[in-house]
Amino acid sequence: MRKNLIITFTRNPELGKCKTRLAKTIGDEAALRVYKYLLQHTEQVIKQVDADKAVYYSVKIRENDLWDASVFQKYQQVGDDLGIRMQNAFKNGFDNNYQKIVIVGSDLFHLQPQHIEDAFKALDSNDVVIGPAEDGGYYLLGMKTLHTSVFKNKNWGTETVFSDTISNLTNQKIHLLETLNDIDLYEDLEHIKPLQNIIKNND
């Protein structure tokens, strides 16, 4: 078994249940197409990194889907909010003797394997690594031990998540990756041609 673990959370791609803020502008069907594209992109990126991989499902575990069970461990998300669900996923990884764990978002057009590889490398000399998102959240969180404070008392999905997380880690050595933009609103993708093509061409 490898010592590094990559976690990603996924919502089963169902019409009207994903990318709801984006759907208000482009409609449910186009939003679903965008979400499926981003999931496929995330899966391809994670597969290229030399680490164990786990996908956590929001509703129920799917067997024959995008996430190949020979590559990805499959789990159910557990907890009342995003923070507790992430904490439980990290705890599960550490309980399984992983030394470095990184969780990465599944809605980042610009995510590349290098971001995840840099995160693992940064954990050699840092306690925590964070990839800030332009909207005030983060797209990646990595650690070597479980820092439970970062998962509690957050207004998830708001612009304060990143700054609140940093303030929880005042005694830890933190490495920041480059800032990326996750895709939540139409403005997030209006200049990204492949996503515009998906919206317009139904492909």
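Keep in mind that what you see is a predicted model, and the values were worked out from it rather than measured. (Residues numbered from 1 in each chain as written. Predicted model: local features only at pLDDT ≥ 70, side-chain atom pairs only at ≥ 80, totals over all residues. Heavy atoms only, no water.)

Student: So what exactly am I meant to see when it comes to the environment of leucine 195 here?
Tutor: For leucine 195, the position within the fold is in helix 6 (residues 193-201). Between the alpha carbons of leucine 195 and serine 167 there is a distance of 35 Å; along the sequence they are 28 residues apart. Leucine 195 has contacts with Val34, Tyr37, Phe109, Ile183 and Leu189, leaving out every residue within four places of it along the chain. (Helix = DSSP H or I, 4+ residues; strand = E, 2+ residues; numbered from the N terminus. Contact = heavy atoms within 4.5 Å.)

Student: Looking at this model, I keep getting lost on the packing of aromatic side chains. Mind explaining?
Tutor: For any pair of aromatic rings, geometry is given as the distance between the ring centres together with the angle between the planes. Within this structure, the stated rule accounts for 6 aromatic pairs. Ring centres 5.0 Å apart and planes at 85 degrees place the aromatic pair tryptophan 67 and phenylalanine 72 in the edge-to-face group. Accessibility assignment for this pair places tryptophan 67 and phenylalanine 72 in one class, buried. What links up through ring pairs into an aromatic cluster is the set Phe9, Tyr56 and Tyr75. (Phe/Tyr/Trp six-rings, centres within 6.5 Å; stacked < 30°, edge-to-face > 60°. Buried < 20%, exposed > 50% of the residue type's maximum accessible area, 1.4 Å probe, protein only.)

Student: What is the right way to read the layout of surface pockets from this model?
Tutor: Once rolled over the atoms, a probe with the size of a water molecule shows which space is left empty. In this structure, the largest pocket encloses a volume near 1100 Å³. Every residue lining the largest pocket is counted, 35 residues in all, and those nearest its centre are Lys19, Leu82, Asp107, Asp182 and Asp184. Residue assignment for the lining of the largest pocket shows that the elements contributing at least two residues are strand 1 (4-10), helix 1 (20-26), helix 3 (82-95), strand 4 (100-104) and strand 6 (138-143). A breakdown of the residues in the lining of the largest pocket according to their chemical character gives 14 nonpolar, 10 polar and 11 charged. As for the second largest pocket, its lining consists of Thr10, Arg11, Asn12, Pro13, Lys36, Leu39, Gln40, Tyr57, Arg62, Asp65, Leu66 and Trp67. Considering every element that reaches the lining of the second largest pocket, the biggest residue donor is helix 2 (residues 28-47), with 3 residues. Class assignment for the residues of the lining of the second largest pocket results in 5 nonpolar, 3 polar and 4 charged. (1 Å grid on protein atoms, 1.4 Å probe; cavity = no way out; pocket = protein on both sides within 12 Å on 5 of 7 lines; lining within 4 Å. Points joined across faces, edges and corners; volume = space filled by probe spheres on them. Nonpolar A, V, L, I, M, F, W, Y, C, P; charged D, E, K, R; others polar.)

Student: Just checking my understanding: could you explain unusual backbone geometry for this structure?
Tutor: Working note: non-glycine residues mostly have negative phi, and peptide bonds are mostly trans. If you check the backbone angles, lysine 19 has positive phi at about 50 degrees while not being a glycine. By secondary structure assignment, the location of lysine 19 is in the loop between strand 1 and helix 1. What makes lysine 19 buried here is its relative accessible area of 13%. Even without being a glycine, asparagine 153 presents a positive backbone phi close to 55 degrees. Relative to the helices and strands, asparagine 153 resides in the loop between strand 6 and helix 5 (161-168).

Student: For this particular structure, what's the right way to read the pattern of salt bridges?
Tutor: Oppositely charged side chains can pair when the atoms bearing their charge come close. In total, this model carries 9 salt bridges according to the counting rule given. Across the pair lysine 17 and glutamate 14 runs a salt bridge whose closest N-O atoms are separated by 3.4 Å. By relative accessible area, glutamate 14 is classed as partly exposed at 26%. Here aspartate 107 ties to lysine 19 by a salt bridge, and the two come within 2.8 Å at their closest N and O atoms. Of this pair, aspartate 107 sits in the loop between strand 4 and helix 4 (113-122) while lysine 19 sits in the loop between strand 1 and helix 1, and the two are 88 residues apart along the sequence. Its relative accessible area of 14% is what places aspartate 107 among the buried residues. Residues joined in a network through salt bridges with shared partners are Lys19, Arg21, Asp107 and Asp184. (Salt bridge = Lys/Arg side-chain N within 4 Å of Asp/Glu carboxyl O.)

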